[in-house]
Amino acid sequence: MLKALLFDVDGTLADTERDGHRPAFNAAFREFGMDWDWDVALYGELLAVTGGKERMKYYVEHFRSDYVKPADFDELIARLHQAKTRHYTQLLAAGGIPLRPGVERLLREARAAGLILGVATTTTPENVTALLRYSLAEDGADWFTVIAAGDIVPAKKPAADIYVWALQQLGLRPEECLAFEDSENGIRSSQGAGLKTIVTINDYTRDHDFTGALAVLTDLGEAGAPYERLDAEEHGMVDVARLHAWHAQ
Ligand code: XBP
Ligand code: MG
């Protein structure tokens, strides 16, 4: 029986990467007087690595062979990341990033139907609560029984750990839940935890490998603006009835 829905955040609840996280990283780099600057295309390559601190280290290793690391490099990365989180949450507080089509509608319907809601993400917890507060509802974070985020597990997606942790907190088995993801790293993580997964793609992820997904969609769809399914000839709106049907497959 379907009891809970577990949502990824970045790229799934909202298109936060290109116009949220990326400019927040750049603002932090400028604040620290650094010449690092991530354009839209480069950021797409950097998204291969989840986690902001991990992403900055990957950038240095793979794109900045000229950069001489200071002795306290890890500390610098941690301070840069704190600044980035500040810039990002300020951007959200200014109402900067809307939820994707169908997200608020489905969350409301699922709550009304008694389904448990959860989050499983690699991003920092403050970023999740800020997005839910400013883009969903003042009490948006309280709609979710579990918010599994950031460094709470050491191994980030594509490792399954964050989903396993969320399931443990809920006391549920993977067969009782559905996951929502937007990326290959995301679905490897959710499927690694044994979860059936629905994918909504975005510009950064449309060419990813989503083998094994329950459905691959443009978005969740709204009345009058249906989703298109990419793995079948189908369009429509993801509602609770459709989730039950997919879950039973
Ligand atoms: C998103 C991420 C995060 C964000 C940046 O993953 O990989 O690292 O890009 O957030 P998901 P932080 O789609 O699983 O949420 O800087 O806070 O890590
Ligand atoms: Mg994502």
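Residues numbered from 1 in each chain as written. Chains lettered and ligands numbered in written order. Predicted model: local features only at pLDDT ≥ 70, side-chain atom pairs only at ≥ 80, totals over all residues. Heavy atoms only, no water.

Trainee: Which parts of the structure should I look at to understand the coordination of the magnesium ion (ligand 2)?
Mentor: By definition of the ideal shapes, four donors in a tetrahedron about a metal sit 109.5 degrees apart, and six donors in an octahedron sit 90 or 180 degrees apart. Only Asp8 (OD), Asp10 (O) and Asp182 (OD) from the protein reach the magnesium ion (ligand 2) as donors, at distances of 2.2 Å. Mapping the donors of the magnesium ion (ligand 2) onto the primary sequence yields the spacing D-x1-D-x171-D. Placement of Asp10 in the loop between β1 (4-7) and α1 (16-31) and of Asp182 in the loop between β4 (177-181) and α8 (184-192) is noted, with a sequence separation of 172 residues between them. Judged on exposure class, the residue Asp10 and its partner Asp182 are both buried. (Donors = N, O, S within 2.8 Å, 3.2 Å for Na, K, Ca; no water. Helix = DSSP H or I, 4+ residues; strand = E, 2+ residues; numbered from the N terminus. Buried < 20%, exposed > 50% of the residue type's maximum accessible area, 1.4 Å probe, protein only.)

Trainee: Any chance you could explain the site of ligand 1 here in plain terms?
Mentor: The full set close to ligand 1 counts 19 residues, and Gly52, Arg55, Lys84, Thr121 and Thr124 are the nearest of them. Between ligand 1 and Arg55, the relevant distance is 2.6 Å, taken from an oxygen atom to a side-chain nitrogen or oxygen of the residue. Between an oxygen atom of ligand 1 and a side-chain N or O atom of Thr121, the distance comes to 2.4 Å. Of all the elements, α1 adds the most residues to the shell around ligand 1, at three residues. The residue makeup of the shell around ligand 1, split by class, is three nonpolar, ten polar and six charged. Three or more residues apiece are contributed to the shell around ligand 1 by two domains, here domain 1 (4-15 + 98-247) and domain 2 (17-93). (Near = heavy atom within 4 Å. Polar contact = N/O pair within 3.5 Å; in protein donor to acceptor, adjacent residues only side chain to side chain. Nonpolar A, V, L, I, M, F, W, Y, C, P; charged D, E, K, R; others polar. Domains from an automatic or database assignment.)

Trainee: Would you mind going over the domain arrangement of the protein chain with me for this structure?
Mentor: Frequently, the measure chosen for interface size is the accessible area removed from exposure when the parts meet. Partitioning the protein chain into domains gives domain 1 (4-15 + 98-247) and domain 2 (17-93). Once you take the C-alpha centre of each, domain 1 and domain 2 turn out to be 25 Å apart. Counting from both sides, the interface comprises 15 residues of domain 1 and, opposite them, 20 residues of domain 2. Both sides of the domain 1 and domain 2 interface together cover about 1,400 Å² of buried area, and 52% of this is carbon and sulfur. Where domain 1 packs against domain 2, one counts two salt bridges. Notably, a salt bridge pairs Lys53 with Asp151, separated by 2.9 Å at the nearest N-O pair. Linking domain 1 with domain 2 are six residue pairs in polar contact (both at pLDDT 80 or more). Element by element, the count of residues in the side of domain 1 that touches domain 2 is highest for helix α6 (residues 125-136), at five residues. For the side of domain 1 that touches domain 2, the residue count by class is four nonpolar, five polar and six charged. (Contact = heavy atoms within 4.5 Å. Buried area = accessible area lost by both parts, 1.4 Å probe. Salt bridge = Lys/Arg side-chain N within 4 Å of Asp/Glu carboxyl O.)

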